[in-house]
Amino acid sequence: IRYPIDGAQVDRAAAPVDFHGALDDLFGARTVASMFQVDDFARRFVATIDNLGRSSASSRLWPVVPAAGRFSVADADGGAAIGTANAARYEPFVRLLEHVDLRRAASAYVQLYPSLQRAYEELGYPKRYFNDRFVDVIDVLLATPEPASAPKVHLPTVNGPVQPQRPWLLYEFDDPQLEALTAGQKILLRMGVGNERRVKAKLVELRSLIAATPAQR
């Protein structure tokens, strides 16, 4: 364990934790109702954090609702690039992250940690420590490149008689180095560089809280 959390001992006989109430306290009931997927929240949270550091992160497991609207592109040198309109789709989530008191959020995280650790173990990591993974994924996200211009993208060829009903979900980056990034890094790139920098600033703050020793929190 590299980043220990106080009171992280997992009690499998303990009563279920009220994640809904904790989220309401942090974000407000109206915001939680419109932006979060609270059912099975512990599993959603740990699975998504883990997946953001991997090649794919299924939206079906996200603890928040997907961004409204659809991914859009703009013409760029005979091809396509990520459209500037996409930044607005992510703005509500960026503002949510900027306005929440991260010190309070970190305190709630510590209190809820035993349930998160249990969910992480049940995900298939019985000998792994979730907070270590959380900090590692934050470091991955902070390492996301910041392109000088909107990255170019393309739709892959889909062979066969059945074509996807939502092709905009399939866009890939032209640059193989960008395409090889993790799911979380690709989400940051789709947000636009302005939003990416705003999110990174809050991730730095969050990391300092959850990676601190108990005495430093």
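Coordinates for the structure precede this section.
Please read these numbers as outputs of a predicted model, since none were measured by experiment. (Residues numbered from 1 in each chain as written. Predicted model: local features only at pLDDT ≥ 70, side-chain atom pairs only at ≥ 80, totals over all residues. Heavy atoms only, no water.)

Concerning the overall build of the protein
Phase 1: A count of helical and extended segments in the protein gives nine helices and four strands.
Phase 2: Since a compact globule built from 217 residues should have a radius of gyration of about 17 Å, the 18 Å found for the protein is in line with a globular shape.
Phase 3: Viewed in the frame of its principal axes, the protein has a C-alpha envelope of about 60 × 35 × 35 Å.
Phase 4: Looking at the 217 residues of the protein, the share that counts as buried comes to 43%. (Helix = DSSP H or I, 4+ residues; strand = E, 2+ residues; numbered from the N terminus. Rg over C-alpha atoms; globule rule 2.2 N^0.38 Å. Buried < 20%, exposed > 50% of the residue type's maximum accessible area, 1.4 Å probe, protein only.)

Quick word on the sheet that holds strand E4 (residues 172–173)
Phase 1: Taking strand neighbours across the sheet as the criterion, the four strands line up as E1-E2-E3-E4 in an open arrangement whose pairing is antiparallel. Each end of this open sheet is capped by a strand with a single partner; those strands are strand E1 (73–76) and E4.
Phase 2: Bridge count between strand E3 (residues 152–154) and E4: two bridges; the pairing is antiparallel. Within the sheet, the bridge partner assigned to Val153 lies in E4 and is Phe173. (Pairing = 2+ DSSP bridges.)

Description of helix H4 (residues 86–99)
Phase 1: Under the 1.5 Å per step criterion, the end-to-end length of H4 is 21 Å for 14 residues, consistent within 8% with the ideal 20 Å.
Phase 2: At Pro92, H4 is bent by approximately 40°, the largest bend along its length.
Phase 3: Buried within H4 are the following residues: Asn86, Arg89, Tyr90, Phe93, Val94 and Leu96.
Phase 4: The secondary structure elements touched by the buried residues of H4 are helix H1 (19–27), helix H2 (29–35), strand E2 (79–82), helix H8 (183–191) and helix H9 (193–210). (Expected span 1.5 Å × (residues − 1). Bend = angle between axes of the 7 residues up to and from the residue. Contact = heavy atoms within 4.5 Å.)

Points about the environment of Tyr125
Phase 1: On the secondary structure map, Tyr125 appears in the loop between helix H5 (102–122) and helix H6 (130–142).
Phase 2: Using a relative accessible area of 18% as the deciding quantity, one classes Tyr125 as buried.
Phase 3: In contact with Tyr125, other than residues within four places in its own chain, are Asp50, Arg54 and Tyr120.
Phase 4: At a separation of 3.1 Å, a polar atom in the side chain of Tyr125 contacts the side chain of Arg54. (Polar contact = N/O pair within 3.5 Å; in protein donor to acceptor, adjacent residues only side chain to side chain.)

A few points about the packing of aromatic side chains
Phase 1: For the coordinates displayed, the defined rule picks out 12 aromatic pairs.
Phase 2: Where Phe71 meets Tyr171, the ring centres are 5.4 Å apart and the plane angle is 50°; that geometry is what we call tilted. With Phe71 in the loop between helix H3 (41–52) and E1 and Tyr171 in the loop between E3 and E4, this pair connects stretches of sequence that are 100 residues apart.
Phase 3: Judged by relative accessible area, Tyr171 falls into the partly exposed class, the value being 25%.
Phase 4: One aromatic cluster is present, formed by Phe19, Phe41, Phe45, Tyr109, Tyr113, Tyr120, Tyr125, Tyr129, Phe130 and Phe134 through successive ring pairs. (Phe/Tyr/Trp six-rings, centres within 6.5 Å; stacked < 30°, edge-to-face > 60°.)

Structural notes on the pattern of salt bridges
Phase 1: Following the criterion strictly, the structure yields 15 salt bridges and no others.
Phase 2: The residue Asp39 makes a salt bridge to Arg44 at a minimum N-O spacing of 3.3 Å.
Phase 3: Overall, Asp39 belongs to the partly exposed group, its relative accessible area being 49%.
Phase 4: As a salt-bridge pair, Asp50 and Arg133 come within 2.8 Å of each other at their nearest N and O atoms. You can see Asp50 sitting in helix H3 and its partner Arg133 sitting in helix H6, a full 83 residues away along the chain.
Phase 5: Accessibility expressed as a relative area gives 14% for Arg133, which makes it buried. (Salt bridge = Lys/Arg side-chain N within 4 Å of Asp/Glu carboxyl O.)

Concerning unusual backbone geometry
Phase 1: Its identity is not glycine, yet Asp40 carries a phi of approximately 55°, on the positive side.
Phase 2: Relative to the elements of secondary structure, Asp40 occurs in the loop between H2 and H3.
Phase 3: One non-glycine residue, Asp77, lies in the positive phi region at around 50°.
Phase 4: On the accessibility criterion, Asp77 (73% relative accessible area) is exposed.

Some details on the packing of H4 against H9
Phase 1: Here H4 crosses H9 at 20°, and the two axes come no closer than 10 Å. When the axis of H4 is compared with that of H9, the two are roughly parallel. For H4 against H9, the interelement crossing comes out left-handed. Counting all contacts with H4, which are made through Ala87, Tyr90, Glu91, Val94, Arg95, Leu97 and Glu98, the residues of H9 involved are Asn195, Arg198, Val199 and Lys202. (Axes fitted to C-alpha atoms, helices over the stretch in contact; angles between N-to-C directions. Parallel < 35°, antiparallel > 145°, perpendicular 65-115°, else oblique. Left-handed = near helix turned anticlockwise from the far one by under 90°.)

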